[in-house]
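# Structural characterization, general
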Amino acid sequence: LVAHRVTVAPGGDAAGRLELLRSAARGEAAAVAAQLAGGVPVTTQDAGGATALHYAAQCGHLAVVEVLLAAGAPLEALNGAGDTPLAVAAAHGQ
């Protein structure tokens, strides 16, 4: 994640999905919960296949991880490199 410059995969409400990923990367658990409650899919992916759970795990934002998992975020989701959120977290020292 480079200064939270995130692009989302095409389709749907791109602005809402982009904000979910950014909020997850910034550790904003309340914002993530609100975006999910507002209908942004928990399975939202960026252009490289990473989900909000990948971002939260990479950055060590446990509260966001908990919100995402409670909302049904897939723990085994693979990003474009074939990594799960747990693998991404481990690779970044979390």
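Now for a description of the structure that goes with this document. (Residues numbered from 1 in each chain as written. Predicted model: local features only at pLDDT ≥ 70, side-chain atom pairs only at ≥ 80, totals over all residues. Heavy atoms only, no water.)

## With respect to the nonpolar core
Keep this limit in mind: Residues belong to one nonpolar core when they are buried, are Ala, Val, Leu, Ile, Met, Phe, Trp, Tyr or Cys, and are joined through side-chain atoms within 4.5 Å. For every residue, the accessible area obtained with a 1.4 Å probe (protein chains only) is divided by the maximum for its type, and the residue is called buried under 20%, exposed over 50%, and partly exposed between those limits. It only takes one pair of heavy atoms within 4.5 Å for two residues to be counted as in contact.
Judged by nonpolar contacts, the single largest core of 18 residues is most densely connected at Ala24, Val32, Val64 and Leu68. What Val64 contacts, discounting residues up to four positions off in sequence, is Ala24, Gly27, Glu28, Ala29, Val32 and Ala56.

## A word on the packing of helix α2 (residues 29-37) against helix α4 (residues 62-70)
When two helices pack together, you describe them by how their axes are tilted relative to each other and by the distance separating the axes. Basically, it comes down to this: Lines are fitted to the C-alpha atoms to define the axes, a helix being fitted only along its stretch in contact, and any angle between axes, read from their N-to-C directions, falls within 0 to 180 degrees. In DSSP terms, a helix is any run of H or I states spanning at least four residues, a strand is any run of E spanning at least two, and both are numbered starting from the N terminus. Working rule for angles: under 35 degrees goes down as roughly parallel, over 145 as roughly antiparallel, 65 to 115 as roughly perpendicular, anything else as oblique. Note on convention: near helix rotated counterclockwise from far helix by under a right angle means a left-handed crossing. Clockwise means right-handed.
Interhelical geometry of α2 versus α4 gives an angle of 20° and a closest axis separation of 9 Å. Here α2 is positioned roughly parallel relative to α4, judged by the angle of their axes. At the point where α2 passes α4, the crossing takes the right-handed sense. Packed against α2, whose contacting residues are Ala29, Val32, Ala33 and Leu36, the element α4 presents Ala63, Val64, Val67 and Leu68 at the interface.

## A closer look at α4
To be explicit about the condition: In this description, one arc is meant: the one made by directions from the helix axis to the C-beta atoms.
Among the residues of α4, those classed as buried are Val64, Val65 and Leu68. Looking down the long axis of α4, one finds its buried residues gathered within 100° of arc, a one-sided arrangement. For α4, the exposed residues lying more than 90 degrees away from the buried face are Leu62 and Ala70. Residues of α4 that are buried in the fold lie against α1 (14-26), α2 and α3 (52-59). Backbone geometry just after α4 places Gly72 at a positive phi near 95°.

Any link to function would need more than the numbers given here.
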